[in-house]
Amino acid sequence: MSKTSKGRFFEDYHVGQQIAHAVPRTVSGGERALYHALYPARGALYSSDEFARACGLPESPVDDLMAFHIVFGKSVPDISVNAVANLGYAQGRFLRPVYPGDTLRATSEVIGLKQNSNGKSGVVYVRTTGLNQRDEMVIDYVRWVMVRKGDLDAPAPDTVVPELAGAVDAGDLVVPEGLTFDSYDCALAGAPHCWGEYAVGERIDHFDGMTMEEAEHMLATRLWQNTSKVHFDRTQRVDGKLLAYGGHVISVARALSFNGLANAQMIVAINGGSHANPCFAGDTIRAWSEVLDRAETSVPGVGALRLRTVATKGDPFVLRGAEGKYHRDVLLDFDYWVLMPM
């Protein structure tokens, strides 16, 4: 019996399958430094222990998306190592902050399957949960990924496509224990604009851009222990290009959004996300956002803002072409809730 594994292919999944992912990971301050080196992230809550303590937290947590990447990376060897592409996200909730010293592990449940009409691949839907060393849930989300078939003659499974909510209800958002913005310092955060100054329908051009370098997206993929072959093995694509990890694009867009959304301190939910077009080295990523909704939370002074942030290689505020499909320049369409001082 071989001691090596080629990973799961589409025919290896079944609805209801429970997968415990290997290799828990203890989070360190070094990883935070690498995260901030890879992305121009400047959120004050994630940069300063003193700022975080003034907001009621014991210390500065690691960036929400850093925790997301670590949990995501745990799932890749079992879910998407043979992926053609990761397609989207839904119903994601950040349930508690992650701090240096926490150890994260992940589990997934297969909740849907749909073979593609070409018979060579199919879409696998999973719900992945990240837990800390106390078995407390820190993050929970659904994603779907297109996976190659290993045996083209394997019969197609019954199609099961899960019904997914269009957005996480504002009442289900979790405000971290102790978080308060009573002593929030807008000057230290970098901008004066708080929750009450954003209007539903408002659009924000974040202006800045970041050119994707091969070394950066490959380092990110390895940092998060993401073993999906399309990110570091040129033979996996007929064009010989390395596909940038979609989460890398999300973090770049989130970091660029600081210019205009500096007080959007914590991501607490992912309503939906689509990797509209592939991203490769040499692409310059820009971002714009639209305010989709506003809500009060259970904590006085803490407001929730629902945002759509779009990463693009082109002009701001262009999302779809005349035919209704995503414009060819659009890389990411990301819908999420953030917490902001009121």
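Refer to the preceding data block for the structure.
Report follows, based on the coordinates. (Residues numbered from 1 in each chain as written. Predicted model: local features only at pLDDT ≥ 70, side-chain atom pairs only at ≥ 80, totals over all residues. Heavy atoms only, no water.)

**Things to note about the pattern of salt bridges**
- Tallied over the full model, the rule gives 12 salt bridges.
- Salt-bridge contacts for Glu 214 lead to Arg 234; the nearest nitrogen and oxygen are separated by 3.0 Å. Placement of Glu 214 in helix α5 (residues 214-223) and of Arg 234 in the loop between α5 and α6 (246-256) is noted, with a sequence separation of 20 residues between them.
- Between Arg 306 and Asp 335 there is a salt bridge whose closest N-O contact spans 2.5 Å. Placement of Arg 306 in strand β10 (residues 302-312) and of Asp 335 in strand β11 (residues 330-341) is noted, with a sequence separation of 29 residues between them. (Salt bridge = Lys/Arg side-chain N within 4 Å of Asp/Glu carboxyl O. Helix = DSSP H or I, 4+ residues; strand = E, 2+ residues; numbered from the N terminus.)

**What to know about helix α1 (residues 29-38)**
- Buried residues of α1: Glu 31, Arg 32, Tyr 35 and Leu 38, and no others. Viewed end-on, α1 has its buried residues packed into an arc of 125 degrees, placing them on one side of the element.
- Check the buried side of α1 and you find it contacts β2 (25-26), α3 (64-79), β7 (203-211), α5 and α6.
- The N-terminus of α1 is capped by Ser 28, whose side-chain oxygen sits 3.2 Å from the backbone nitrogen of Gly 30. (Buried < 20%, exposed > 50% of the residue type's maximum accessible area, 1.4 Å probe, protein only. Arc of directions from axis to C-beta. Contact = heavy atoms within 4.5 Å. Polar contact = N/O pair within 3.5 Å; in protein donor to acceptor, adjacent residues only side chain to side chain.)

**Quick look at the packing of aromatic side chains**
- Enumeration according to the criterion identifies 11 aromatic pairs in this entry.
- Consider the rings of Tyr 35 and Trp 224, whose centres lie 6.1 Å apart with planes at 55 degrees: the pair is tilted. One end of the pair, Tyr 35, is in helix α1; the other, Trp 224, is in the loop between α5 and α6, with 189 residues separating them in the sequence.
- Using a relative accessible area of 3% as the deciding quantity, one classes Tyr 35 as buried.
- Trp 224 gets classed as buried once you look at its relative accessible area, which sits at 1%.
- An aromatic cluster is built from Phe 68, Phe 72, Tyr 89, Tyr 141 and Tyr 245, whose rings are joined through pairwise contacts. (Phe/Tyr/Trp six-rings, centres within 6.5 Å; stacked < 30°, edge-to-face > 60°.)

**Examining α5**
- Those residues of α5 not exposed but buried are His 217, Met 218, Ala 220, Thr 221 and Leu 223.
- Buried residues along α5 sit against β2, α1 and α6.
- One or two steps after α5, the chain reaches Gln 225, where phi turns positive at roughly 55 degrees.

**Description of the nonpolar core**
- Membership of the largest hydrophobic core comes to 55 residues, with the highest contact counts inside it found for Tyr 39, Phe 68, Trp 224, Val 249, Ile 285 and Leu 305.
- Here this core takes eight residues from α3, the largest share from any one element.
- Those residues in contact with Val 249, other than ones at most four positions away along the chain, are Met 212, Cys 279, Ile 285, Ala 311, Leu 331 and Leu 332.
- In terms of nonpolar packing, the next biggest core, distinct from the first, is built from 23 residues, Ala 52, Cys 55, Ala 295 and Leu 339 among them. (Core = buried A, V, L, I, M, F, W, Y, C linked by side-chain atoms within 4.5 Å.)

**So, the environment of Val 310**
- Checked against the element boundaries, Val 310 lands in strand β10.
- For Val 310, a relative accessible area of 0% puts it in the buried group.
- Remark: the alpha-carbon pair of Val 310 and Gly 273, spanning 37 residues in sequence, is separated by 9.7 Å.
- Once you skip the residues sitting within four places of it in the chain, Val 310 turns out to touch Arg 286, Ala 287, Trp 288, Leu 319, Val 330, Leu 332 and Asp 333.

**Brief notes about the packing of α1 against α3**
- In the contact formed by α1 and α3, the axes pass within 11 Å of each other and the chain directions differ by 105 degrees. In terms of axis orientation, α1 runs roughly perpendicular to α3. Contacts from Glu 31, Arg 32 and Tyr 35 in α1 reach Leu 65, Met 66 and His 69 in α3. (Axes fitted to C-alpha atoms, helices over the stretch in contact; angles between N-to-C directions. Parallel < 35°, antiparallel > 145°, perpendicular 65-115°, else oblique.)

Read these as spatial facts, not as claims about activity.
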